[in-house]
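Spelled out from the first residue to the last, the chains are:
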Amino acid sequence: MTILLFIEQMLNGLQFGVMLFLMSAGLTLVFGVMGLINLAHGSLYMIGAFAAAAVAAATGSFVLALMASLAAAALAGALIELTIIRRLYDRDHLDQVLATFALILIFSEGTRWMFGSFPLFLDVPKVLSGPVTLPGGIQFPAYRLSIIVIGLLVAGGMFALINRTRVGIRIRAGEADREMIAALGVDIAKLYTFVFALGAALAGFAGALVGAIQSVQVGMGEPVLILAFVVIVIGGIGSIKGAFVGALLVGFTDTMGRILLPQIFALFLEPSSAVTVGSALASMLIYILMAGVLVFRPRGLYGVA
Amino acid sequence: MTRETWINVASLAVLLGVPLWALMADEPFIITLATRAAIFALAGVGLNLALGTGGLVSLGHAAFFGIGGYAMGILASHAQSYAPIMEAPFLIEGTKSMPVIWLVAMVTSALAALAIGVLSLRTSGVYFIMITLAFGQMVYYFAISWPAYGGEDGLSIYVRNGFPGLNTLVPIQFFGLCFVILCLVLLLMNAIHKSAFGLALSAARQNETRVLSVGLKPYHLRLVAFVISGAVTGLAGALFADLNRFVSPTMLSWQMSGEIIIFIIIGGVGRLFGPVIGAMIFILLEHTLGGLSEFWHVYLGALLLGIVLFAKGGLIGAFAGREKAHD
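The structure presented is a predicted model; accordingly, all values stated were derived computationally and were not measured.

Rules of the game
- Residues numbered from 1 in each chain as written.
- Chains lettered and ligands numbered in written order.
- Predicted model: local features only at pLDDT ≥ 70, side-chain atom pairs only at ≥ 80, totals over all residues.
- Heavy atoms only, no water.
- Helix = DSSP H or I, 4+ residues; strand = E, 2+ residues; numbered from the N terminus.
- Rg over C-alpha atoms; globule rule 2.2 N^0.38 Å.
- Buried < 20%, exposed > 50% of the residue type's maximum accessible area, 1.4 Å probe, protein only.
- Contact = heavy atoms within 4.5 Å.
- Areas by Shrake-Rupley, 256 points an atom, 1.4 Å probe, with all protein chains shown as cover.
- Lys, Arg positive; Asp, Glu negative; His and termini not counted.
- Charge placed at Lys NZ, Arg CZ, Asp CG, Glu CD.
- UniProt positions renumbered as here; feature names shortened; annotations may be inferred.
- Phe/Tyr/Trp six-rings, centres within 6.5 Å; stacked < 30°, edge-to-face > 60°.
- Lys NZ or Arg CZ within 6 Å of the ring centre and 35° of its normal.
- Salt bridge = Lys/Arg side-chain N within 4 Å of Asp/Glu carboxyl O.
- Buried area = accessible area lost by both parts, 1.4 Å probe.
- Polar contact = N/O pair within 3.5 Å; in protein donor to acceptor, adjacent residues only side chain to side chain.
- Nonpolar A, V, L, I, M, F, W, Y, C, P; charged D, E, K, R; others polar.
- Pairing = 2+ DSSP bridges.
- Expected span 1.5 Å × (residues − 1).
- Axes fitted to C-alpha atoms, helices over the stretch in contact; angles between N-to-C directions.
- Parallel < 35°, antiparallel > 145°, perpendicular 65-115°, else oblique.
- Left-handed = near helix turned anticlockwise from the far one by under 90°.
- pLDDT = per-residue confidence, 0-100.

Quick notes on the overall build of chain A
On a plain count of helices and strands, chain A comes out with 11 helices and 2 strands. In chain A, the succession of helices and strands from N to C terminus is α-α-α-α-β-β-α-α-α-α-α-α-α. Relative to the compact-globule value of 19 Å for 305 residues, chain A shows a C-alpha radius of gyration of 20 Å, a close match. Projected onto its principal axes, the C-alpha coordinates of chain A cover approximately 65 × 50 × 35 Å. Counting across all 305 residues of chain A, residues that qualify as buried make up 55%. Sequence-distant contacts in chain A: of pairs separated by 6 or more residues, those separated by 24 or more amount to 76%. For chain A, the accessible area works out to roughly 12700 Å², and carbon and sulfur atoms hold 69% of it. Distance between charge centroids for chain A: 8 Å, based on 16 positive and 14 negative side chains.

Structure below.
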């Protein structure tokens, strides 16, 4: 394998990791602050993608589509937080899993009912549709590169929000001791709605960005949701930093595993079985990584013991 | 007899009565539905030991359900093509005999549960939920990317496997087989609940510190429960694959794990017959609502949401009242 191909795949891994971070950030915040496990996070990702596809089809503008994805997912997030999710904070995890699983059923079938079973398509904007040449002569799709940039900007914004702003202080205080900050006069209910809507908006945004590479369809959120779970288990639940490190680890491991493993097995197996064994193992690699992390750190890399 | 016992007896009577009625009325499809209900109930009864008694919210039990299914698929497909599974170092051939298939299904899913349990049980709470889900997905993706046994398309067999003395292709006979297995497993679970092991497992759920302080090891108790639970769900998977004469990665999907939990929730968590009633209601809903609307999962979701938010004990809880407290 040439070094150029290697770097290109590293960039693909980075792009995947950045996407996973957008998805995991909300999930880990919601768990850290409210103690809620939210399976319906994948549905918010799907809602963002569908909103973007619908607006792009109506207006032809990709920027408007992205804004629509943020707005739609944040709105849907706020709505379910106000009506259903807030009843679940005091419940045990089983209730949370079931109620949010029920929300997935409702959202998925509701979307299927509104948009039909056929996938929608969201086109990459013309400006970004071609490849760009990076230093060293690497050809890389401009759109994927902009996803990396946008994702890193959002990640930076999240760190700034959590560590530098007043809302961030409240969020961190909420993670540490929610009774205390309620006693100090912070409207905890509003804070919770805000955090949930923020996480939802990030998930919806990720859905819209990925929707332009893949197709926009019902059920697109769940595979990503499960990867996001792997990410936050690796990173440590509740830690934004952990989510970032975990997302990049999973992104790189998955992308590189799919490329490298079949080639490694080809060194000592015949070609056809090398591809079979290699790709089967590659599809399990991130879970093996997760198991490995858990053996040494059952609370994840940055989890509080 | 308590009210719960009456409900339990009634649920078994309905599960047995409906297909018998269907036999008289010549409605083989209803018998198949009842068989599905019995098999789903069995899967739920398996999970209920971990989830209800042990308090282990496993969102990855579809892995065991599917492994059981694939045990059937692999053994039977080798038997029908007369190709041995393995020749060296010793010969292993496929089989069409149900008892052998069940044994293999239970052993393989128990081993899978042991491997997953050893790692997952190091954690608890929400970590446990996510990790079992992730391991379930691992098995799912493995099944999809491994082409030898159908990959994404799954594996079908031509003729249902045989059981000595029965013609399993006759719907009522196959139903009878599944029903008897369900009853036997219910008896076994009842015995486990009353045994010292069952009480200790239940105690580990209620108060881990106390269990530790009397010298019991919650980790070991939970691991044993998880393995038994996986084996029973694997047996249900083998039966389910035999019912459809087809096994595919769908059986391993995480929606399947969610559905197995739903059976338990509708009926009542930790109740012996909770999954039996839950599975019957689920099949009833699937059949009636599925006929009314293509989008019946919306109603299922709404019902589930209602049960979780407003009726915690499930149906048995609503009719039989609170469970007797042991402490």
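Examining the UniProt feature "transmembrane region" (unreviewed entry) in chain A
All names here are of chain A. With numbering matched to this structure, UniProt assigns "transmembrane region" (unreviewed entry) to residues 14–37, 44–64, 70–89, 101–122, 142–162, 191–213, 225–252 and 273–296. The straight-line gap between the two end C-alpha atoms of residues 70–89 is 25 Å; of that span, 70% is helix and 0% is strand. Segment residues 142–162 splits into 100% helix and 0% strand. End C-alpha atoms: 30 Å apart.

Looking at the packing of aromatic side chains
Residue and element names in this part refer to chain B. For the structure on display, the rule yields 20 aromatic pairs over all chains. Between phenylalanine 40 and phenylalanine 263, the ring centres sit 4.9 Å apart and the planes meet at 25°, which makes this aromatic pair stacked. A residue pair is termed long-range when its members are at least 10 positions apart, and phenylalanine 40 in helix 2 (residues 28–53) and phenylalanine 263 in helix 10 (residues 254–267) qualify at 223 residues. Of the two residues, phenylalanine 40 and phenylalanine 263, neither departs from the other in class, the shared state being buried. We note arginine 160 situated over the ring of phenylalanine 174; from NZ or CZ to the ring centre the distance is 4.4 Å.

Let's talk about the pattern of salt bridges
Residues and elements named next belong to chain B. Summed over all chains, the structure comprises 8 salt bridges over all chains. A salt bridge links arginine 222 to glutamate 208; its shortest N-O distance comes to 3.5 Å. Of the two residues, arginine 222 is situated in helix 9 (residues 218–244) and glutamate 208 in helix 8 (residues 208–213); the sequence distance between them amounts to 14 residues. Given a relative accessible area of 14%, arginine 222 falls into the buried group.

Here we look at the interface of chain B and chain A
In this assembly, 44 residues from chain B lie in contact with 48 residues from chain A. Of the roughly 4100 Å² buried between chain B and chain A on both sides combined, carbon and sulfur atoms contribute 82%. In this structure, the connection of chain B to chain A is made through 0 salt bridges. Along the contact surface separating chain B from chain A lie 5 residue pairs in polar contact (both at pLDDT 80 or more). Those elements that place two or more of their residues in the side of chain B that touches chain A are helix 5 (125–145), helix 10 and helix 12 (296–310) of chain B. Broken down by class, the residue content of the side of chain B that touches chain A amounts to 31 nonpolar, 9 polar and 4 charged.

Some points on the pairing of strand 1 (residues 131–134) of chain A
All names here are of chain A. Bridge count for strand 1 against strand 2 (residues 138–141) is 4 bridges, and the pairing is antiparallel. In the sheet register, threonine 133 faces strand 2, and the bridge partner there is glutamine 139. Counting the residues between successive antiparallel strands, the hairpin from strand 1 to strand 2 contains 3 residues, one of them, glycine 136, with a positive phi of roughly 95°.

Focus: unusual backbone geometry
All names here are of chain B. Within the chain, aspartate 26 stands out as a residue other than glycine whose phi angle is a positive 55°. Of note in the backbone geometry, arginine 245 takes a positive phi value of approximately 50° without being a glycine. Among the secondary structure elements, arginine 245 is positioned in the loop between helix 9 and strand 2 (246–247). Taking relative accessible area as the criterion, arginine 245 reaches 30% and is therefore assigned partly exposed.

Comments concerning the side chain of B:Thr168
Residue and element names in this part refer to chain B. With respect to the helices, strands and loops of the structure, threonine 168 is situated in the loop between strand 1 (155–156) and helix 6 (171–194). Take threonine 168: its relative accessible area is 4%, and that puts it in the buried class. In contact with threonine 168, not counting residues within four places along its chain, are Met98, Arg160, Asn161, Gly162, Phe163, Phe174 and Leu177.

Quick notes on helix 8 (residues 188–211) of chain A
In an α-helix, one turn spans 3.6 residues; hence positions three or four apart end up facing the same way. All names here are of chain A. With 24 residues, helix 8 extends 34 Å between its outermost C-alpha atoms, agreeing within 8% with the 34 Å of an ideal straight helix rising 1.5 Å per residue. Among the 24 residues of helix 8, 21 are classified as buried, and the element is accordingly described as predominantly covered. Of the residues flanking the start of helix 8, the one acting as N-cap is aspartate 187, its side-chain oxygen 3.3 Å from the backbone nitrogen of alanine 189.

Let's talk about the packing of helix 9 (residues 221–235) of chain A against helix 5 of chain B
Two elements in contact, helix 9 of chain A and helix 5 of chain B, have axes whose closest approach is 9 Å; the angle formed by their N-to-C orientations is 125°. Judged on the interaxial angle alone, helix 5 of chain B and helix 9 of chain A are oblique. The two elements helix 9 of chain A and helix 5 of chain B meet at a crossing, and its hand is left-handed. When helix 9 of chain A is examined against helix 5 of chain B, the residues A:Pro223, A:Ile226, A:Phe229, A:Val230, A:Ile232 and A:Val233 are found in contact with a partner set consisting of B:Tyr127, B:Met130, B:Ile131, B:Leu133, B:Ala134, B:Gln137 and B:Tyr141.

Structural notes on the confidence of the model for chain B
Should the pLDDT be low somewhere, the predicted coordinates at that spot are not to be read in detail. Here chain B shows a mean pLDDT of 89. Residues at 70 or above account for 97%. Taking the mean pLDDT of every element in chain B, the minimum, 76, falls on helix 13 (residues 314–320) of chain B and the maximum, 96, on helix 9 of chain B.

Quick word on the side chain of A:Ser24
Residues and elements named next belong to chain A. By the element assignment, serine 24 lies in helix 1 (residues 3–34). Of the residues examined, serine 24 reaches a relative accessible area of 0% and is grouped as buried. Engagement of the side chain of serine 24 in a polar contact is seen with the backbone oxygen of leucine 20, the distance being 2.5 Å. When neighbours within four sequence positions are excluded, serine 24 is seen to be in contact with Ala228, Val231, Ile232 and Ala243.

Regarding the packing of helix 9 of chain A against helix 10 (residues 240–266) of chain A
Residue and element names in this part refer to chain A. Contact geometry of helix 9 with helix 10 gives a least axis separation of 7 Å together with a crossing angle of 120°. Classified by the interaxial angle, the pair formed by helix 9 and helix 10 is oblique. Here helix 9 and helix 10 pass one another in a crossing that is right-handed. Contacts between helix 9 and helix 10 involve Val230, Val231, Ile232, Ile234 and Gly235 from the first element and Gly242, Ala243, Gly246, Ala247, Leu249 and Val250 from the second. Looking at the contact of helix 9 with helix 10 residue by residue, the classes come out as 8 nonpolar, 3 polar and no charged.

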